[in-house]
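Structure at a glance
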Amino acid sequence: MKVLSSSEETYRLVDQMRMQGKRIGIVPTMGALHEGHLSLVHKAKQQCDVAIATIFVNPTQFGPNEDLQKYPRTLQNDLELLSANGCDVVFTPTDAQMYPQDHSTFVEPPRVSQAWEGQIRPGHFRGVATIVLKLFQILPAHVGYFGRKDYQQVAVIRAMCRDLNLPIAIEACQTVRESDGLAMSSRNRYLSPSERQRALGLSRALKGAEMLIHQGCTDGRQIEKLMRKELESSPVDSIDYAAIVHPDTLEPIETITSEVVGIIAARVGTTRLIDNATFALH
Ligand code: PAF
């Protein structure tokens, strides 16, 4: 596995591979890798000739009161995991490389970024869109792999690629869960054992919503109420949102007539967690 930190060298390598006719898959990450990330590498390996991961804790997507400083950095372990899982190339740039002192150009993120995470974490998607576009420029891959756990992030990246005519396909991959339902996340390691138990409220609320829909309930508000009740009984410490939304626009749905997505963000202790699930109508 090649580990590169120079963007010029990385671009040259990917360009050469493209000229050899290779299909390239890119898995952007912030490190602190878990099974969810590795499943993206596996998907890239299945669908492409070359799987490239990037590891960069992107400062511009963190708000002033967020966890940038304490965000887990486990580079050595990440590299071992990537190598053991067949990753071909890893790009690990420094902050100064990605954001040199006079860096002042940012992507204005698409409309779908405005609600939910966008409202609670102002500037977050501007940072995500900017870094993802930069990574796509340095690593001109054919396919970008992202986890569905960050549902709105995938929607934002898809819309950015469409709006800016980026020649890359976006693959959204299944959320990987622990055996008890907790969605895997680098932030789960902040949870104490008792907080981890309470964090199960998120996946339980989504399961409850799914059951209600399968029983024939089409009232978005009623399902949201049920999700909140489940979260409150866990109990989580605060709920940022628990909503039933349209899968593309992420607008709230009052009456369900086709596929919808349940999205949740809640805090357990000081850890902010998100989760989501897609519900088909039967
Ligand atoms: O999902 C993440 O880990 C990050 O938001 C991403 C896409 C790597 C951009 O920094």
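Whatever comes next refers back to the structure up there.
Every chain begins its residue count from 1, and numbering advances along the sequence as written. Confidence filtering applies because this is a predicted model: local features only for residues at pLDDT of at least 70, side-chain atom pairs given and counted only at 80 or more, and all residues used for totals across whole chains, interfaces and linings. Hydrogens and water molecules were not included; the side-chain quantities draw on all heavy atoms of the structure.

**What to know about the packing of helix α8 (residues 193–214) against helix α9 (residues 220–233)**
For clarity, the threshold we go by: As a rule, the C-alpha atoms of each element are fitted with a line to give its axis, helices using only the stretch in contact, and angles between N-to-C directions run from 0 to 180 degrees. Only runs of H or I of at least four residues qualify as helices and only runs of E of at least two qualify as strands under DSSP, and these elements are numbered from the N terminus. For classification purposes, angles smaller than 35 degrees are called roughly parallel, those larger than 145 roughly antiparallel, those between 65 and 115 roughly perpendicular, and all remaining angles oblique. Here is the rule for handedness: rotate from the far helix to the near one, and if that takes an anticlockwise turn smaller than a right angle the crossing is left-handed, while a clockwise turn gives right-handed. In this analysis, two residues are considered to be in contact whenever any of their non-hydrogen atoms come within 4.5 Å of each other. Residue type decides the class: Asp, Glu, Lys and Arg count as charged, Ala, Val, Leu, Ile, Met, Phe, Trp, Tyr, Cys and Pro as nonpolar, and the leftover types, Gly among them, as polar.
Between α8 and α9, whose axes approach to 8 Å, the crossing angle comes to 150°. If you check the angle between α8 and α9, you find them roughly antiparallel. Of the two possible hands of crossing, α8 and α9 adopt the one that is right-handed. Counted together, Gly 201, Leu 202, Arg 204, Ala 205, Leu 206, Gly 208, Ala 209, Leu 212 and Ile 213 of α8 and Gln 222, Ile 223, Leu 226, Met 227, Glu 230 and Leu 231 of α9 form the full contact between these two elements. Partitioned by chemical class, the residues of the contact of α8 with α9 number ten nonpolar, three polar and two charged.

**Section: helix α6 (residues 124–138)**
As a reminder, the rule being used: Here the expected length of a helix is defined as 1.5 Å per residue gap, with one fewer gap than residues. The buried label applies to any residue whose accessible area, calculated with a 1.4 Å probe on protein chains only, is under 20% of its type's maximum; exposed applies above 50%, and partly exposed to all values in between.
Along its 15 residues, α6 runs 21 Å from first to last C-alpha, staying within 8% of the 21 Å computed at 1.5 Å per residue. Residues of α6 that are buried: His 124, Phe 125, Gly 127, Val 128, Ala 129, Thr 130, Ile 131, Val 132, Leu 133, Leu 135, Phe 136 and Ile 138.

**Some remarks on the packing of aromatic side chains**
To describe a pair of aromatic rings, one takes the distance between the centres and the angle between the planes. Short version of the rule: For this analysis, a ring pair means two rings from Phe, Tyr or Trp (six-membered ring only for Trp) whose centres lie within 6.5 Å, classed as stacked if their planes differ by under 30 degrees, edge-to-face if by over 60, and tilted for the remaining angles.
All told, the structure shown has four aromatic pairs when counted by the stated rule. Residues Phe 56 and Tyr 99 carry aromatic rings whose centres are separated by 6.3 Å and whose planes lie at 35° to one another, so their mutual orientation is tilted. Of this pair, Phe 56 sits in the loop between β3 (50–55) and α3 (75–84) while Tyr 99 sits in the loop between α4 (95–98) and α5 (117–120); the two residues are 43 residues apart in sequence, bridging distant segments of the chain. A relative accessible area of 5% places Phe 56 in the buried class. By relative accessible area, which is 14% here, Tyr 99 ends up buried. Considering the side-chain rings of Phe 136 and Phe 146, the 6.4 Å spacing of their centres and the 70° angle between planes classify their relative orientation as edge-to-face. You can see Phe 136 sitting in helix α6 and its partner Phe 146 sitting in strand β5 (residues 143–147), a full ten residues away along the chain. The class of Phe 136 is buried, set by a relative accessible area of 7%. The class for Phe 146 is buried, based on a relative accessible area of 3%.

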